[in-house]
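Next come the chains, spelled out residue by residue.
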Amino acid sequence: MKKLIPADLTPHYSRAFLFCMDWIYEAEGGDSDHSADKGGRTRFGISKGAYPSVDIPTLTWPQAMRIYHRDFWRGSRAKELAEHGLLELAFLHCDGAINHGVPLANMLLQQVLGVKVDGILGSRTLAAAINHNQEDLLVDYFARRASKYSRIAVNDPSQITFLYGWHRRLFKLENRIEKATALEPFYIGVAA
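Worth saying up front: this structure is predicted, and the values here are computed from it rather than measured.

Another point: the environment of Ala-27. Within the element layout of this structure, Ala-27 appears in helix α1 (residues 15-28). Among the residues examined, Ala-27 registers a relative accessible area of 31% and is labelled partly exposed. Spatially, the C-alpha atoms of Ala-27 and Gly-165 are 9.9 Å apart, while their sequence positions differ by 138 residues.

The next point concerns the packing of aromatic side chains. What the rule picks out here adds up to ten aromatic pairs. Centre to centre, the rings of Tyr-68 and Phe-72 are 5.8 Å apart; their planes meet at 55°, and the pair counts as tilted. Of this pair, Tyr-68 and Phe-72 both sit in helix α2 (residues 61-73), separated by four residues, roughly a single helical turn. Like Phe-72, Tyr-68 is buried. When the centroid spacing of 5.1 Å and the interplanar angle of 20° are considered together, the rings of Tyr-149 and Trp-166 count as stacked. Of the two residues, Tyr-149 is situated in helix α7 (residues 134-155) and Trp-166 in helix α8 (residues 160-182); the sequence distance between them amounts to 17 residues. The two residues Tyr-149 and Trp-166 agree in class, both being buried. Aromatic ring contacts, followed pair by pair, group Tyr-25, Phe-44, Trp-61, Tyr-68 and Phe-72 into a single cluster.

Taking 1.5 Å as the rise per residue, helix α4 (residues 87-100) with 14 residues should run 20 Å; its terminal C-alpha atoms sit 20 Å apart, in good agreement. For α4, the tally of buried residues reaches 13 of 14 residues, placing the bulk of the element in the interior. Remark: Gly-101 follows α4 within two positions and exhibits a positive phi of approximately 95°.

For the rest of this paragraph, the subject is the nonpolar core. Counting residues in hydrophobic clusters, the biggest one holds 53 residues, and the most contacted among them are Met-21, Tyr-68, Phe-72, Trp-73 and Leu-89. Listed by contribution, the elements that provide at least two residues to this core are α1, α2, α3 (78-83), α4, α5 (102-113), α6 (123-131), α7 and α8. Considering every element that reaches this core, the biggest residue donor is α4, with eight residues. Discounting residues that sit within four places of it in the chain, Leu-89 has contacts with Leu-81, Leu-109, Ala-129, Gln-134, Leu-137, Leu-138 and Tyr-141.

Here we come to the packing of α2 against α4. One can describe the packing of α2 onto α4 by two numbers: an axis separation of 10 Å at closest approach and a directional angle of 100°. One way to sum up the angle between α2 and α4 is to call them roughly perpendicular. Counted together, Tyr-68, Phe-72 and Trp-73 of α2 and Ala-90, Phe-91, Cys-94, Ala-97 and Ile-98 of α4 form the full contact between these two elements. Of the residues in the contact of α2 with α4, the class split is eight nonpolar, no polar and no charged.

Here the focus is the environment of Glu-28. Residue position: Glu-28 is located in helix α1. Judged by its relative accessible area of 16%, Glu-28 falls in the buried class. When the C-alpha positions of Glu-28 and Gly-45 are compared, they lie 4.7 Å apart, and in sequence the two are 17 residues distant.

To continue, consider the confidence of the model for the chain. A residue-level look at the chain finds 83% of positions with pLDDT of 70 or above and a mean pLDDT of 85. Summarising per-element confidence for the chain, the mean pLDDT is lowest in helix α9 (residues 184-187) (51) and highest in α5 (97). Here residues 1-9 is modelled with pLDDT under 50, and outside its nearest four sequence neighbours on either side it reaches four contacts, counting other chains as well. Confidence drops under pLDDT 50 across residues 186-192; counting only partners more than four residues distant or on other chains, this segment forms 22 contacts.

The rules behind each value
Residues numbered from 1 in each chain as written. Predicted model: local features only at pLDDT ≥ 70, side-chain atom pairs only at ≥ 80, totals over all residues. Heavy atoms only, no water. Helix = DSSP H or I, 4+ residues; strand = E, 2+ residues; numbered from the N terminus. Buried < 20%, exposed > 50% of the residue type's maximum accessible area, 1.4 Å probe, protein only. Phe/Tyr/Trp six-rings, centres within 6.5 Å; stacked < 30°, edge-to-face > 60°. Expected span 1.5 Å × (residues − 1). Core = buried A, V, L, I, M, F, W, Y, C linked by side-chain atoms within 4.5 Å. Contact = heavy atoms within 4.5 Å. Axes fitted to C-alpha atoms, helices over the stretch in contact; angles between N-to-C directions. Parallel < 35°, antiparallel > 145°, perpendicular 65-115°, else oblique. Nonpolar A, V, L, I, M, F, W, Y, C, P; charged D, E, K, R; others polar. pLDDT = per-residue confidence, 0-100.

So, in structure tokens, the structure goes:
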């Protein structure tokens, strides 16, 4: 009988996804149970509100990564963005999907692209992203996300406590994406 080693229990993730997860671990890592957080108790950014069947206190990072891969990397189609060479957009979009939810992140991206806003990243949205000026796309998507954070705080004053942290997250992500650009040949991968 073959002895199992830890690597056998971990899916084979692309380098692009792993680079993104390095960022997510920094941005979301640890436990949180802030009284104003509508998601409730959170570990590694996975909330009890979004995942009521997950035992949040015992959630491990590899388990969280599997959720992120299935529901956000693949669910938002960030994987396809990375495969088409849009690595920076893939990171920004996956982070947006994690922070805003997949449909809203898709809608924010569609607003930037000027395509039908339906919350579904289909072939037309993907084609528009591929053919759009990437520098403008990234700047406009960052701005849309910042604007969304501000609207959340204006519409629900209980969320103002998070506004500084949300904007700080975007600035830190921008710096991380700049690093990814410099290392792009190493981080692009097409598996998983």
